[in-house]
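What follows is the residue order along each chain.
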Amino acid sequence: MSTSATHRTTRSSRMPSFPFDGHDLDRFRELQQLAYACAQRVGDWLAPGVTERQATARLRRELVAEGVQDFFHVPFAWFGDRTAFRHFRTPLQFFASGRRLEEGMSYVLDCAPVVDGYTADIGYAGKIGDNPVWDRMAQDLREYRELIVREVRLRKPLDEVYAAVDALIARHGYDNRHKVYPGRVIGHQVTRTKARGPAGVTVFGFGVRTLQTLGRELISERLHGRSPLWADGRSSRHAPTPGLWAVEPHIGFRDVGLKFEELLVVTEDDAYWLDDDLPHVRRWQQGAA
C-alpha cells in the first residue's frame, strides 16, 4: 500500500458524515444560480471606461436587489493584468481599484452572497472585445474542472489534488494564480452560517458572521488534523472532507487571468459539481457543439 493510500485510510475513519440533505443542496444551488445571474448581468453591462469600483458597486446592488443581506466576502472585480494578480504584494490589492476597463481586456467578477445562512462563492470571467489568448484559456479551463472532480472522487489528499492542478497548469504553459490568494488556497469549505453577528457588516472584506463561523471551523478541523482551507501545504494533507467546497482554479498567462469558482459536493464516497447549468459550462458545451 502506498504512503498516500495509508494516509487516506487512517484519515477516513475520522471523517465526518455528509452534513446536508436534499433541501439544503437545493438552497445552495439556487443561491449559486442567483450569484452567477447577478455577475452575468454586470458582465453584460461592463464597457470601456468602467472602473473596478463601479463594477463591484453595481454587483452589490444587483445582489441586494435579489434579497441578499449578508456576504461571505465583499464583491471583487479585477480588470486587465489585475485578473492575473500581477504585482500583488498585499491583501489590500485584492480590493477593487480605480483601474478602468479597456477594449480587449479580461475581467473577473467574484462574489459570495449569504441568504438564510446558505452561502455561494462564485467567480465569473469575461472579456471586452476580442482577446484570442482569453479564448484559448477559457477553453483549457474545462480540463481543470474535470481533473479536480476526478481526483477528489479517488479520495486523494487535497494537497495532491492541488499538485495535479499545478502540473496541468505547467503543461498548458500558464501560471498558477490561486497561489497568490491568502493562504495559497484553491478552495475552502462552505457551511450554513449560524452565527448571530450583525448581518451585512464586514471586517477586512469578510462578513462578521463569516469570520465567526470560519474561526470555529478552523479550530474544530485542526483538532482532527484537517483544515477547511484547501491549499498545498501540510494542513491539506488529508482526504477530502465531506461537505461543500468552493473551488477556484485560477490560471494566468502574461496579463490575462481566468478562473471559475463554484461549489463541489463531496460525500463519503463520491464527488460531483453541485450544478452544471453555469455560464462557463454552457460556453464549453456550445463550443463542443
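Residues numbered from 1 in each chain as written. Predicted model: local features only at pLDDT ≥ 70, side-chain atom pairs only at ≥ 80, totals over all residues. Heavy atoms only, no water.

Enquirer: How should the pattern of salt bridges be read in this particular structure?
Expert: Pairing between side chains becomes possible if they bear opposite charge and their charged atoms approach one another. Following the criterion strictly, the structure yields 22 salt bridges and no others. Across the salt bridge formed by Glu262 and Arg145, the nearest N and O atoms sit 2.7 Å from each other. One end of the pair, Glu262, is in strand 13 (residues 262-266); the other, Arg145, is in helix 4 (residues 132-153), and 117 residues separate them in sequence. When its relative accessible area of 0% is taken as the criterion, Glu262 is described as buried. Looking at Arg145, the relative accessible area reads 9%, which means it is buried. As a salt-bridge pair, Asp277 and Arg282 come within 2.7 Å of each other at their nearest N and O atoms. We classify Asp277 as partly exposed; its relative accessible area is 41%. The class of Arg282 is partly exposed, set by a relative accessible area of 27%. Beyond isolated ion pairs, a larger network of salt bridges with shared partners links Arg41, Arg58, Glu62 and Glu66. (Salt bridge = Lys/Arg side-chain N within 4 Å of Asp/Glu carboxyl O. Helix = DSSP H or I, 4+ residues; strand = E, 2+ residues; numbered from the N terminus. Buried < 20%, exposed > 50% of the residue type's maximum accessible area, 1.4 Å probe, protein only.)

Enquirer: Looking at this model, I keep getting lost on the environment of Gly187. Mind explaining?
Expert: Within the fold, Gly187 resides in strand 6 (residues 187-190). Sequence separation between Gly187 and Trp230 is 43 residues, and the spatial gap between their C-alpha atoms is 5.0 Å. Aside from chain neighbours lying at most four places away, what touches Gly187 is Leu229, Trp230, Ala246 and Val247. (Contact = heavy atoms within 4.5 Å.)

Enquirer: Hey, could you run me through the sheet that holds strand 12 (residues 256-259) in this one?
Expert: The pairing of strands in a sheet happens through backbone hydrogen bonds and is either parallel or antiparallel. With respect to topology, three strands assemble into an open sheet ordered 5-11-12, the strand pairing being antiparallel. Strands at the two margins of the open sheet, each flanked by one partner only, are strand 5 (175-176) and strand 12. Sheet analysis places strand 11 (residues 250-253) next to strand 12, joined by four bridges and oriented antiparallel. In the strand pairing of strand 12, Ile251 is matched with Leu258. Relative to strand 12, helix 4 is tilted by about 30°, and along the sheet it contacts strand 11 and strand 12. (Pairing = 2+ DSSP bridges. Axes fitted to C-alpha atoms, helices over the stretch in contact; angles between N-to-C directions.)

Enquirer: Honestly, the packing of helix 2 (residues 22-45) against helix 3 (residues 52-65) in this entry has me stumped. Any pointers?
Expert: In a pair of packed helices, the angle between the axes and the distance between the axes together describe the arrangement. Between helix 2 and helix 3, the shortest axis-to-axis distance is 9 Å and the interhelical angle comes to 140°. As far as their axial angle goes, helix 3 and helix 2 are oblique. In this structure, the crossing between helix 2 and helix 3 has a hand that is right-handed. Between helix 2, through Leu34, Ala35, Cys38, Ala39, Arg41, Val42 and Trp45, and helix 3, the contact on the second element is made entirely by Gln54, Ala55, Arg58, Leu59, Glu62 and Leu63. (Parallel < 35°, antiparallel > 145°, perpendicular 65-115°, else oblique. Left-handed = near helix turned anticlockwise from the far one by under 90°.)

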